[in-house]
Amino acid sequence: RRRRQRFETGGSKKMKAIAAMSENRAIGNKGTIPWKNTDALKWFEEFTSGKTILVGGKTYNLLPFLPKRKVLVLTNSEEDISYWEPVEDYSVAAVSLGKAQIVAKRHEIIVAGGAQVYSLFMPQISEFYVTHIEGVYKGDIFMPAFEPLFSQSEVIREFKGGKVVKYFNGSV
């Protein structure tokens, strides 16, 4: 059985994360996002535009085509599995944990899911932007507990059916 590693930032840029969850903490159900909320999707697109996001393979398969950003797909392999040539202003690379560590030292990375990737990187995240979706939704993937790691929070955006809360981790 492979031992779970924790991400060590050692002098890297501040790491941020973005997520959306329902009132019962659901973030996924049968390979889809459990709700439809165009304002939440617009916020995600606005916040991540022009940046590098890090996601797991299941999350990558859920995402729509996202121009104007770089996508790193975390793999379990010690070696990079493959690279795809950039298409206009969009590029994707499958990376190991070690490669993600190297990239994080040079570039701002936004962790964007799923649950296992959030758990792996949570202690190193300085700012976590969580869209709280109103309602209880059926789910098979849930947001891990993160609140104890963050000392402050503030609502930064409200829209029909939800709000975005920015959580701060002052110890990172």
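Here the structure is a predicted model, which means the values were calculated and not measured.

**Q** Go over the packing of aromatic side chains with me, naming the residues and quoting the values.
**A** For any pair of aromatic rings, geometry is given as the distance between the ring centres together with the angle between the planes. Tallied over the full model, the rule gives ten aromatic pairs. Measuring from ring centre to ring centre gives 5.7 Å for tryptophan 35 and tyrosine 137, while their planes differ by 65 degrees; the resulting arrangement is edge-to-face. Here tryptophan 35, found in the loop between strand S2 (26-28) and helix H1 (38-48), pairs with tyrosine 137, found in the loop between strand S7 (125-133) and strand S8 (141-142); they are 102 residues apart in sequence, far enough to count as distant. Residue classification places tryptophan 35 among the buried positions, given a relative accessible area of 9%. Exposure remark for tyrosine 137: the relative accessible area of 28% places this residue in the partly exposed category. Residues tryptophan 43 and tyrosine 129 carry aromatic rings whose centres are separated by 6.2 Å and whose planes lie at 50 degrees to one another, so their mutual orientation is tilted. With a gap of 86 residues between them, tryptophan 43 in helix H1 and tyrosine 129 in strand S7 connect regions that are remote in the sequence. For the pair tryptophan 43 and tyrosine 129, one class covers both residues: buried. A connected cluster of aromatic rings, assembled from ring pairs, spans Tyr118, Phe128, Phe146, Phe150 and Tyr167.

**Q** Pulling in residues and values, what's your account of H1?
**A** What H1 keeps buried is the set Ala40, Trp43, Phe44, Phe47 and Thr48. Looking down the long axis of H1, one finds its buried residues gathered within 110 degrees of arc, a one-sided arrangement. Within H1, the exposed residues directed more than 90 degrees away from the buried face are Thr38 and Lys42. For H1, the N-terminal capping position is held by asparagine 37, with its side-chain oxygen 3.0 Å away from the main-chain nitrogen of aspartate 39. Count one or two residues on from H1 and you reach glycine 50, which has phi positive near 80 degrees.

**Q** How would you explain the pattern of salt bridges if you had to name every residue and give the values?
**A** A complete count under the given rule lists five salt bridges for this structure. The salt bridge partner of glutamate 147 is arginine 25, with a shortest N-O separation of 2.9 Å. Placement of glutamate 147 in the loop between S8 and strand S9 (152-159) and of arginine 25 in the loop between strand S1 (15-22) and S2 is noted, with a sequence separation of 122 residues between them. The exposure class assigned to arginine 25 is partly exposed, which follows from its relative accessible area of 22%. Note that lysine 166 and glutamate 127 form a salt bridge whose closest N and O atoms lie 3.8 Å from each other. Taken together, the positions of lysine 166 in strand S10 (residues 162-168) and glutamate 127 in strand S7 put the pair 39 residues apart, joining distant regions of the chain. Across the pair, exposure class does not vary: lysine 166 and glutamate 127 are buried alike.

**Q** Give me the nonpolar core: which residues, what numbers.
**A** In terms of nonpolar packing, the biggest core is built from 30 residues, with Tyr118, Phe121, Ile125, Phe128 and Phe146 touching the most fellow members. Elements supplying a minimum of two residues to this core: S1, strand S4 (69-74), strand S5 (90-95), helix H3 (97-106), strand S6 (109-111), helix H4 (115-121), S7 and S10. Those residues in contact with tyrosine 118 that sit more than four places away from it in its chain are Ala17, Ile18, Ala19, Ile27, Val111, Ala112, Gly113, Phe128, Met143 and Pro144. Val73, Val92, Ala112 and Tyr129 belong to the second-largest nonpolar core, a separate cluster that totals 18 residues.

**Q** Break down the pairing of S7 for me, citing the residues and quoting the values.
**A** Counting buried positions over the nine residues of S7 gives nine, a clear majority of the element. With eight bridges joining them, S1 and S7 adopt parallel strand pairing. Pairing of alanine 19 across the sheet is with valine 130, part of S7. As judged from the seven bridges shared by S7 and S10, these two strands associate in the antiparallel manner. Within the sheet, the bridge partner assigned to valine 130 lies in S10 and is valine 165.

Criteria and cut-off values
- Residues numbered from 1 in each chain as written.
- Predicted model: local features only at pLDDT ≥ 70, side-chain atom pairs only at ≥ 80, totals over all residues.
- Heavy atoms only, no water.
- Phe/Tyr/Trp six-rings, centres within 6.5 Å; stacked < 30°, edge-to-face > 60°.
- Helix = DSSP H or I, 4+ residues; strand = E, 2+ residues; numbered from the N terminus.
- Buried < 20%, exposed > 50% of the residue type's maximum accessible area, 1.4 Å probe, protein only.
- Arc of directions from axis to C-beta.
- Polar contact = N/O pair within 3.5 Å; in protein donor to acceptor, adjacent residues only side chain to side chain.
- Salt bridge = Lys/Arg side-chain N within 4 Å of Asp/Glu carboxyl O.
- Core = buried A, V, L, I, M, F, W, Y, C linked by side-chain atoms within 4.5 Å.
- Contact = heavy atoms within 4.5 Å.
- Pairing = 2+ DSSP bridges.

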